[in-house]
Amino acid sequence: MLNPCRAAGFVCGLSIAFCVASSLATATEPLSFQIRNDVPLQELSPDFCWFHPRAAAIPGAGESGGPAVILTLQKHLRASDHYSGLSFMRSDDQGATWTAPVLPPELDWQKESDEVDIAVCDVTPGWHAQTGRLIAIGTKLRYSRTGEQLTDVPGGYQCAYATYDPATGAWTKWKFLKTPDLDGRYFLLAPGCVQWLTRPDGTLLVPCYCKGPTGTDYTSTVLHCRFDGETMTLLESGNEIGMTGGRGIVEPSLAEYDGRYFLTLRNDAGAYVTTSDDGLHFDPMQPWVFDDGSELGSYNTQQHWLVHSEGLFLAYTRRGANNDHIFRHRAPLFIAQVDPERLVVIRSTEAIAIPDRGAPLGNFGACAVSTEESWITDAEYILSSSPDPRGADGSVFVSRILWGKPNRLSP
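Quantities reported herein were computed from a predicted structural model and do not represent experimental measurements. (Residues numbered from 1 in each chain as written. Predicted model: local features only at pLDDT ≥ 70, side-chain atom pairs only at ≥ 80, totals over all residues. Heavy atoms only, no water.)

Asks: Give a detailed account of the packing of aromatic side chains, specifying residues and quantitative values.
Replies: Overall, the coordinates contain 15 aromatic pairs when judged by the stated rule. Here the aromatic rings of F33 and W403 are separated by 6.1 Å at their centres, their planes lie at 70 degrees, and the arrangement is edge-to-face. Remark: W403 occurs in strand β30 (residues 395-403) and F33 occurs in strand β3 (residues 33-42); sequence separation between them is 370 residues. There is no split in this pair, since F33 and W403 are both buried. (Phe/Tyr/Trp six-rings, centres within 6.5 Å; stacked < 30°, edge-to-face > 60°. Helix = DSSP H or I, 4+ residues; strand = E, 2+ residues; numbered from the N terminus. Buried < 20%, exposed > 50% of the residue type's maximum accessible area, 1.4 Å probe, protein only.)

Given below as structure tokens:
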């Protein structure tokens, strides 16, 4: 393993939790869990911070037959939403040690012209067992020389993907999903910061948000795609989910639990949830609330799922946690169990996964790593050469959710 970095395990106040509470308002049986935070990477710079860390486990590819874990991440540069190429780290011992971040040339910026660079951001990796490849899916975007996003032509946003071969450690170059109606519905198409799924037949369900050439509101949908080990092909798309105002509906994340599909959705003013029987056609969405009827308080940031055989969990940020000093209340990062029938968050199970240390979180990932644990991965958004007085120091977090029962859904 090149340049091994010892993961720094620590106890961080409220970030350690043991959830055994019961809820009288729901029939859902709470599942106990503990939380432990590690820091595989920490760096302070006035020019960038590490951003969008998301992990995926590769079954059997690590030490002693355990999983290897790939963590993708990139640098957020000083301009808003200006990102470097995609780097990755690898651990073969379930996060005890990590390689240093590496930026393969295949995942770096591409040059469209002397004035325009092509980048891929908001990436989520996932294992595709049917082809033995890890797929990284994100959003292609175009940058001016000053880092401004250029969305004035069809395909300014596109679904981008690259694959990783765990046997050779090699990545492919970015490819782009071919879609119809580039002058209309799919003028801008972004699978950014989403959770996507592989069906038993090897096809993919990829949530996206899209917009035509005019207007400001996006709608979200799920794309059903074939993947043959090299190329993604669009088969069909689901219904559109939208609303007026607040940029519409963006950053949808998909989960399957107990035979149903669950989609969590972002709007500037709130967070929403809906369900489907087939993963493509969804019911009208409803606002996220706690089981006591009060609003969840998550807004203008993403939420993601953790799926256990014994329960469904949501990770999110929200108001009302003594965090008015944080931009968009994007810290701390919470986890709580969901009642899948009532589509509510069970307040008594809420715990802090990653603490508020004075810097925003919120652009994160969530995945199962083994039958014993799932991970929430995030990084502190701080562009500085000095730590925040509350403690933020540019840490990349691996928040380990240690389950009280084995997760039979994990490979």
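Asks: Account for the sheet that holds strand β22 (residues 286-287), naming residues and giving values.
Replies: One open sheet accounts for four strands, arranged β19-β20-β21-β22; its pairing is antiparallel. Across the chains shown, the open sheet's two edge strands, defined by having one partner strand only, are β19 (250-257) and β22. (Pairing = 2+ DSSP bridges.)

Asks: Which residues make up the side chain of N323, and what are the values?
Replies: Inspection of the secondary structure puts N323 in the loop between β24 (311-316) and β25 (333-339). Dropping the residues within four chain positions of it, N323 is found in contact with R318, H329, A331, P332 and D356. (Contact = heavy atoms within 4.5 Å.)

Asks: Outline the environment of E295, listing residues and values.
Replies: Along the chain, the position of E295 falls in the loop between β22 and β23 (304-308). Spatially, the C-alpha atom of E295 lies 16 Å from that of T349, the residues being 54 residues apart in sequence.

Asks: Break down the state of the cysteines for me, citing the residues and quoting the values.
Replies: Under the definition given, this model contains zero disulfides. C49 takes part in no disulfide bond, and the closest cysteine sulfur, belonging to C193, lies 14 Å away. With relative accessibility at 1%, the residue C49 sits in the buried group. Cysteine C159 remains unbridged, with the sulfur of C208 as its closest cysteine sulfur at 5.3 Å. The exposure class of C159 is buried, given its relative accessible area of 1%. (Disulfide = S-S within 2.5 Å.)

Asks: Could you give an account of the side chain of S45, with specific residues and numbers?
Replies: Position of S45 among the secondary structure elements: in the loop between β3 and β4 (48-58). A residue is classified by how much of its surface remains accessible, and S45, at 9% relative accessible area, is buried. At a separation of 3.1 Å, a polar atom in the side chain of S45 contacts the main-chain amide nitrogen of D47. (Polar contact = N/O pair within 3.5 Å; in protein donor to acceptor, adjacent residues only side chain to side chain.)

Asks: Tell me about the environment of N407, and please be specific about residues and values.
Replies: Tracing the chain through its elements places N407 in the segment after β30. When the C-alpha atoms of N407 and N300 are compared, they prove to be 31 Å apart, with 107 residues separating the residues in sequence. Setting aside residues no more than four positions away along its own chain, N407 makes contact with V307, H308, S309, A368, T371 and S374. A polar contact of 2.9 Å, which involves the side chain of N407, links it to the backbone nitrogen of S309.

Asks: Requested: an account of the nonpolar core, with residues and values cited.
Replies: With 21 residues, the main nonpolar core has F33, L306, F313, I335, I376, I401 and W403 as its most contacted residues. Elements that contribute at least two residues to this core include exactly β3, β24, β25, β27 (351-354) and β30. A255, F262, W305 and V338 belong to the second-largest nonpolar core, a separate cluster that totals 18 residues. (Core = buried A, V, L, I, M, F, W, Y, C linked by side-chain atoms within 4.5 Å.)

Asks: An account of the sheet that holds strand β5 (residues 68-77) is requested, with residue identities and associated values reported.
Replies: One open sheet holds the three strands; their spatial order is β4-β5-β6, and the pairing between them is antiparallel. Each having just a single partner strand, β4 and β6 (83-91) make up the two edges of the open sheet. With strand direction ignored, the average angle separating the axes of adjacent strands in the sheet is 20 degrees. Examined bridge by bridge, β5 and β6 share seven bridges and lie antiparallel to one another. Following the sheet pairing, H76 is matched in β6 by Y83. (Axes fitted to C-alpha atoms, helices over the stretch in contact; angles between N-to-C directions.)

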